[in-house]
Every structure is written in C-alpha cells, then in structure tokens.
Amino acid sequence: MIPGKFAYLAARTATEAVDTLGRHPDEAKLLAGGQSLIPMMKLRLAAPEILVDISRIADLAYVREENSHLAIGALTRESALETSDLVARRYPILVDTTQVIADPIVRNLATVGGNLAHGDPANDHPATMLALRAELVATGPNGNRVIPIDDFFVDTFETALEPAEILTEIRIPAPQAQSGGAYCKFERKVGDYGVAGAGAYIVLDGNGRVAQAGIGLSNMGPKPLRATDAEGVLLGELPTEERLQAAAQQAADASDPVGDLRGPAEYKRAVLRTMTFRALTRAVERAQSAEAGGSS
Amino acid sequence: MNVEAPTQAATERVTVTVTINGQAHRAEVEARLLLVHFIRETAGLTGTHIGCDTTSCGACVVLLDDVPIKSCTLFTVQADGRQIRTVEGLEQGGQLHPIQAAFWEEHGLQCGFCTPGMMMTSVALLERNLAPSEDEIRQAISGNLCRCTGYVNIVKSVQHAASALREAQAATTAEVSPS
C-alpha cells in the first residue's frame, strides 16, 4: 500500500516545527515514530499534505529525574524507556506499560509522546499517565504551557493540543513514600490492541490505608478514561482484596466499551474488572514493599 | 543570542543517500517512498520481503543503525544519511553468517518467507546478548510472524547461532591472550 503524496520537511528544532505548523495549520501533520501515522496513511485514513518530521530533533529524547518529577522527552523511543535503569528502579509501571505496546520491533521507532498525542483511546500510555496524574508540556508559538493529563484527551484522535503546538515533554510526579504503580492489559496476541487495560497508582499512609489512588482505563470508551468513582472506593480504606475487588467492579461499571471482533461490551467489561484488580493488587504490593523512596 | 536559521520549505521529492550493507545508494525519490520499496526496487535487493504491509508480520525487518525496524513503516527519507543492513549483508566472503548456518542446521524455516526478517531480528538480539534465554528469544521475535514452523526450530536456530558465536568469541579471546 502506498500513502498519498505529501511534501516533507525534516525539522531541525522544535521552533522550526512549530513555525511550519503555524503557517499550514490545516495541511501539516507531525511525524515522530510514525508507527501509527504511517499505517493510517497507507490505508488513506490520514492524508496530510505536509509532513513535518520531528524525529531528528535529538534534544527531545531523554529520560531524567528533575526536582519533583520524572521528565520524559516526547521523542523518547519506547525501547529506551523499556531499557532505562532509572525507570526500572523508580517507575516500574512505565516498564509494565511500554512492554505491552505493539511489539519489540515497533517499539524501536515508536515514541512515548506519539502514543499520547495520537489520542487513540486504545493506546497504553494514556491510562498509565492518568493513573500517575502526569502533566504534559506543549510548545507553541508563544512558548511552553503545561497541560494536566485530565485536560489533554478531548475525543477519539483529538487532544487539547492547538494546531501549532507540539507535545515536547511528559512530567510524572516523583514517587512518594510507600507508593506503587502497575499496568495490566489483556490482548489476544502481541501487537494487537488490548481487549482492556488498566493502570493503577496507590499511595499508602502510615497506617497502611490508601492516601491517594489513580486508575486509568485503556480502550474503554471514546477517549482514555479516569475511573474516578473506583478511586473513591479506595480512599481512606485498607487495601484488602475485597476492597480492591469492589474498586475494580466500580471501574468496570463506569466503563463504556464498544463490542467488536475482540468481543462484546459485556465481555470487555468483565476483562477490564480483572485487569483493574490485577493492576491494583500489584500496585499495592509494590507500595507495601517500597523503601522510603517509594516507586511508581 | 541564538539566531535561528530560516524555516526550510517542504518538498515532495527529496534526494537521499542511504547506505545499505556498506554501499551508498544516492537517489531522488518521492517523500512517500517507503524504505522497503527503496531497498527492493531502487537498490535491487529483494531479500527483504513485503508480507502484511501493515506493520504486523516482520518479513520486512532490516537493521537501521544496528536496530531492527519494520521497513514497510518508515519513509526512505527518514533513513537519509543512515546505515541499513539487510539479509544480503549477512554472508561475508562466501561464508554464511552463523545465524544463516544455524537456520540451515536446525531446519529453522519451511516456506522461508519470514526468514530474512527473522534472521535480522535475531542478529540484532545476538549483537547485544550472546546468551539469550528461550524466553528472551521468544520475546525478541514476537514481532516476527511465521505461519509454518510453530517457532520451535526458529528458537533452536537462534540458540545454535548464539552457541556458535560464543565459541568463536572464546577462540578469539584465547588467541589474543594465551594463558
């Protein structure tokens, strides 16, 4: 399959990319890893007139801890996240997530920023970033602005990014003491979209009760969802098996999946309940075993 | 003060230089030309296969700066100035690469269509890990589909090649530093 014709520009800097997007707001689209965009262009589901290739902007690929957060450059490849010692030690939920995205070959090109900015509710990082309450940095004609993750996803393939804005950085709050996170997804085969997926982040207080809870859901509606009511079921409570089951049930009740070849909606809700329970259980285990530094 | 160069113009045709198996290929191509078509049609190297054409099967896997990628899902212009290795580059001086010899020895193929991609993925694995576990091998090739073998003999082939490469390395080390 051959994509439609387009004009190509390899941006050397984020400024140059923003400038080109600003002059062609209706025609131009960004090319990062290309692992979602190029397949869509081959199927002619996307036909941008201008492609602005940002993948050669080297200073947008990094993973580093700053004062109060983990900073991930938007052009960081999934494979770089997967093999980062810092991420493995402090943010195991990100390893859980990246390891189930597409397949290992695709992850060598696919970017973390692309996984979010594509706005596909079936992608995996959105649920994890909702659980972690991440912030996204967008660079536009007037400089940078910070978008809370809850304001980022608007609809299917639609985000809060303006036409001339680029997602440049993902910021994840540094893990608190006695915290843990996990991501679980059920897929028919490697590389397929998940039937259901859930990300969970739990912070325990000195008495072992849930002080903070984050739950994000993959492929459960027109956009990535936060399971707000399920989080409420956990707050202030001891994370017993019964309590985690109740939260997982609440998440399934709040979900809105569409029946397709991966199964009817009822089945997907049942799978989601199990995935949420498993993610919560692992997050709590990690929180309980975490040293004072915690992890997510 | 940082003075930015003026923004370049976007173009439908681009001149690229892509080095494949050590040989530079320079051509003017459409920006939409996929790398796999450049390799097969412009460079004439048809060992790299087109299977599903939807980023699923891995028949088109080549190494881009030593990293395996699906060449049906990369525009040629994205490989401009970079190094590509294909299955044709494995054999050196009439000698099969250990991964090729291993696929032969262990009967790691039946119809052979997935084999070029399967071997390129395996070569990249063995270049960073000479002693992969069976699980690591299966993980590494999970983006390469084979509809004939059931994967058992492919895994054996990779293990066979890993063993051969380790022995070759031990022999070299012994030569360099006799005890």
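Structure: see above.
As the structure is a computational prediction, the values presented were derived from the model and not from experiment.

Peer 1: How would you summarise helix H3 (residues 115-128) of chain B if you had to cite specific residues and measurements?
Peer 2: Given a rise of 1.5 Å per residue, 14 residues ought to cover 20 Å, and the 20 Å separating the end C-alpha atoms of H3(B) matches this to within 8%. Counting buried residues in H3(B) gives 12 out of 14 residues, a clear majority hidden from the surface. In this structure, the buried side of H3(B) is in contact with helix H6 (104-107) of chain A together with strand S3 (61-64), strand S4 (67-70), helix H2 (98-105), helix H4 (134-140) and helix H5 (152-176) of chain B.

Peer 1: Pulling in residues and values, what's your account of the sheet that holds strand S4 (residues 63-65) of chain A?
Peer 2: Residues and elements named next belong to chain A. Ordered by their spatial adjacency, five strands build an open sheet running S4-S5-S10-S6-S7, and the pairing between neighbours is antiparallel. Only two strands of the sheet have a single partner each, and these edge strands are S4 and strand S7 (143-148). Geometrically, the sheet is characterised by an average inter-axis angle of 25 degrees between neighbouring strands, direction not taken into account. The pairing of S4 with strand S5 (residues 69-73) spans three bridges and is classified as antiparallel. Within the sheet, the bridge partner assigned to Arg64 lies in S5 and is Ala71.

Peer 1: Which residues make up the pairing of strand S10 (residues 166-173) of chain A, and what values go with them?
Peer 2: All names here are of chain A. Most of S10 sits inside the fold, with six of its eight residues counted as buried. By the bridge criterion, five bridges tie S5 to S10 in an arrangement that is antiparallel. Note on S10: the bridge partner recorded for Leu70 is Ile172. Two elements, strand S6 (residues 135-140) and S10, share five bridges in a ladder whose sense is antiparallel. Following the sheet pairing, Leu136 is matched in S10 by Ile170.

Peer 1: Could you give me a rundown of the pairing of S4(B), with the residues and numbers involved?
Peer 2: Residues and elements named next belong to chain B. The sheet contact formed by S3 and S4 spans four bridges and is antiparallel. Note that in S4 the partner of Val61 across the bridge is Lys70. Once S3 ends, the chain turns through two residues before running back antiparallel as S4, passing Asp65 with a positive phi of about 50 degrees.

The rules behind the values
- Residues numbered from 1 in each chain as written.
- Chains lettered and ligands numbered in written order.
- Predicted model: local features only at pLDDT ≥ 70, side-chain atom pairs only at ≥ 80, totals over all residues.
- Helix = DSSP H or I, 4+ residues; strand = E, 2+ residues; numbered from the N terminus.
- Expected span 1.5 Å × (residues − 1).
- Buried ≥ 20, exposed ≤ 12 C-beta atoms within 10 Å, placed from the backbone.
- Contact = placed C-beta atoms within 7 Å.
- Pairing = 2+ DSSP bridges.
- Axes fitted to C-alpha atoms, helices over the stretch in contact; angles between N-to-C directions.

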